[in-house]
Amino acid sequence: MTADSLTIGVFDSGFGGLTVLRALLAHVPAANYLYLGDTARLPYGSKSRETVARYAESATRFLIEQGADLLVIACNTATALALPEMRTASAPVPVFGVVQPGAEAARAAISLGQRSNGAAEVLVLATAATVHSHAYLHALTDLGLTATEKACPLLVPLVEEGWLSAAAHPDPVAREAANLREAVTLQILRIYLTEALSDAPHARTLLLGCTHYPLLRAEIEQTLAALGRPLRIIDSAAATAQAVAVHLRCAPVASAATPRCTFYATDSVEKFQRLGPHFLGQPLPHVHLIDLGG
Ligand code: DGL
């Protein structure tokens, strides 16, 4: 099957996975896309394996029913906790998760020389559920690297609320509020990164193991620089899109073609439409409200 006759289903717990769709649009622009954000049951990152598996199975079944020929599980938590269940639910449709491509991208970025010089340590930032699963630790260890995982549960809500870099506001009150919000985000990042870096003194590579963290990349880089540890950053969203493109043998393109995307959400359609463009990098068309049950 060629990419232009292919329908790729992209699943996330919410709209954070639009960062993965954005990368897919750049690498596989000819495909049709179905994007499902399970916004009614977000966040997955604080839930148990059983619950995440149940949610993720119903979401994958929905995407298959809508005609997906290939599934990309953009959600790190769902990938870490429930990839086998999703593969079973969607067989024979192939399923890509984000953990393995993220780990492989980290390995590719660390040269052989660095690996033998003790710089094989990767610091992984992720949700609490992803960290407790140790999915990244296992994937990185299998590739001959070592890993230190750090749960950063406050980062998803900060991104969801748009507490990112302060935009230029003409109104002084709005400007002051935006500056204060940005300062809070930087302070929280500093706490997490100070703790994480002290647990990973040799790490030179930082893996963003959550859909939302690419939106904080500038703030993370700023904080790492302030802490005197400018680590190389690996984004599992980009790595996953590359893995799908390699699987489909697509040549990368400089810019995305006109996307043919259909969006579904299980709740908060208005919020999805309002915040989604920050993740996708372009306006969203209509978002369909659907019910996955239970
Ligand atoms: N999509 C989740 C992930 O990448 C983050 C949001 C959530 O906790 O549901 O882990």
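This text follows the structure it describes.
A few points on the structure. (Residues numbered from 1 in each chain as written. Predicted model: local features only at pLDDT ≥ 70, side-chain atom pairs only at ≥ 80, totals over all residues. Heavy atoms only, no water.)

Moving on to empty space enclosed by the protein. Counting across every chain of the model gives one cavity of 30 Å³ or more. Lining of the largest cavity is provided by Thr-19, Val-20, Ala-74, Asn-76, Leu-208, Cys-210, Thr-211, Pro-214, Asp-235, Ser-236 and Ala-237. Of all the elements in the fold, those that place two or more residues in the lining of the largest cavity are helix H1 (18-27) and helix H11 (236-248). Here the residues of the lining of the largest cavity are counted per class, giving six nonpolar, four polar and one charged. (1 Å grid on protein atoms, 1.4 Å probe; cavity = no way out; pocket = protein on both sides within 12 Å on 5 of 7 lines; lining within 4 Å. Points joined across faces, edges and corners; volume = space filled by probe spheres on them. Helix = DSSP H or I, 4+ residues; strand = E, 2+ residues; numbered from the N terminus. Nonpolar A, V, L, I, M, F, W, Y, C, P; charged D, E, K, R; others polar.)

Before going further, it helps to spend a moment on the packing of aromatic side chains. Each aromatic ring pair is characterised by the separation of its centres together with the angle its planes make. This model, assessed by the stated rule, comprises eight aromatic pairs. Summarising the aromatic geometry, the rings of Phe-11 and Tyr-44 are spaced 6.1 Å apart at their centres and angled 55° between planes, so their arrangement reads as tilted. Taken together, the positions of Phe-11 in strand E1 (residues 7-12) and Tyr-44 in the loop between strand E2 (32-37) and helix H2 (49-65) put the pair 33 residues apart, joining distant regions of the chain. Like Tyr-44, Phe-11 is buried. (Phe/Tyr/Trp six-rings, centres within 6.5 Å; stacked < 30°, edge-to-face > 60°. Buried < 20%, exposed > 50% of the residue type's maximum accessible area, 1.4 Å probe, protein only.)

Now for the site of the ligand. Of all residues adjacent to the ligand, which total 14 residues, the nearest are Asp-12, Ser-13, Tyr-44, Gly-45 and Thr-77. Take Asp-12: an N or O atom from its side chain is 2.8 Å from a nitrogen atom of the ligand. Note that an oxygen atom of the ligand is positioned 3.0 Å from one of the backbone N or O atoms of Asn-76. Protein chains bury 99% of the 290 Å² of accessible surface belonging to the ligand in isolation. (Near = heavy atom within 4 Å. Polar contact = N/O pair within 3.5 Å; in protein donor to acceptor, adjacent residues only side chain to side chain. Areas by Shrake-Rupley, 256 points an atom, 1.4 Å probe, with all protein chains shown as cover.)

Below, the discussion takes up the pairing of E2. Of all six residues that make up E2, five are buried, and the element is covered over most of its length. Bridging between E1 and E2 involves six bridges; their strand directions are parallel. When the bridges of E2 are listed, Gly-9 appears paired with Leu-34. At this point the chain moves from E1, through H1, to the parallel E2, and the crossover so formed is right-handed. (Pairing = 2+ DSSP bridges. Right-handed = clockwise from strand over helix to strand, strands pointing away.)

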